[in-house]
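Close look at the chain arrangement
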Amino acid sequence: MKASVVLSLLGYLVVPSGAYILGRCTVAKKLHDGGLDYFEGYSLENWVCLAYFESKFNPMAIYENTRDGYTGFGLFQMRGSDWCGDHGRNRCHMSCSALLNPNLEKTIKCAKTIVKGKEGMGAWPTWSRYCQYSDTLARWLDGCKL
């Protein structure tokens, strides 16, 4: 009895209230429909891999990186200081809250802006670390009907 109460309590602590997690295939479909498959030469598998490692498929994720001094927003954790908001460069010309929408329209638009830059997907260190040289990228689309 006590164990089940403790496990229930832990469940509330681990998953933030209001979390909105998309399924892997839902993310793949939305990114595909948004034109990211082979956009600037990057396969859809790369984008789905990036989404997983940046936000665990949570389009409403906000992460404050106090060590490096930035806040990341949305599915791809775009930096507020560079890509969105009232402070900083705002290269995507949108509010950071626009990146926190499960329809992913603004997220995809901003991702296209980022990947067109000289670093490509290397603009995301997470992609370079976990996706770029992965020999298992195909698994990100396994079983998805696109």
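Here the structure is a predicted model, which means the values were calculated and not measured.

Rules and cut-offs
Residues numbered from 1 in each chain as written. Predicted model: local features only at pLDDT ≥ 70, side-chain atom pairs only at ≥ 80, totals over all residues. Heavy atoms only, no water. Phe/Tyr/Trp six-rings, centres within 6.5 Å; stacked < 30°, edge-to-face > 60°. Buried < 20%, exposed > 50% of the residue type's maximum accessible area, 1.4 Å probe, protein only. Lys NZ or Arg CZ within 6 Å of the ring centre and 35° of its normal. UniProt positions renumbered as here; feature names shortened; annotations may be inferred. Helix = DSSP H or I, 4+ residues; strand = E, 2+ residues; numbered from the N terminus.

**Here's the deal with the packing of aromatic side chains**
The full count for this structure, using the stated rule, is 10 aromatic pairs. A centroid spacing of 5.0 Å and a plane angle of 85° characterise the contact between Tyr52 and Phe53, whose relative ring orientation is edge-to-face. Given a relative accessible area of 24%, Phe53 falls into the partly exposed group. An aromatic cluster is defined as three or more aromatic residues linked by ring pairs; in this entry it consists of Tyr52, Phe53, Phe57, Tyr130 and Trp140. Above the plane of the ring of Tyr52 lies Lys56, whose end atom (NZ or CZ) is 4.7 Å from the centre. The ring of Phe39 carries Lys112 above its face, with NZ or CZ at 5.3 Å from the centroid.

**Observations concerning the UniProt feature "domain: Glycosyl hydrolases family 22 (GH22)" (unreviewed entry) in the protein**
Here, UniProt's "domain: Glycosyl hydrolases family 22 (GH22)" (unreviewed entry) annotation points to residues 92–110. Secondary structure over residues 92–110 splits into 32% helix and 0% strand, and the C-alpha atoms at its two ends are 5 Å apart.

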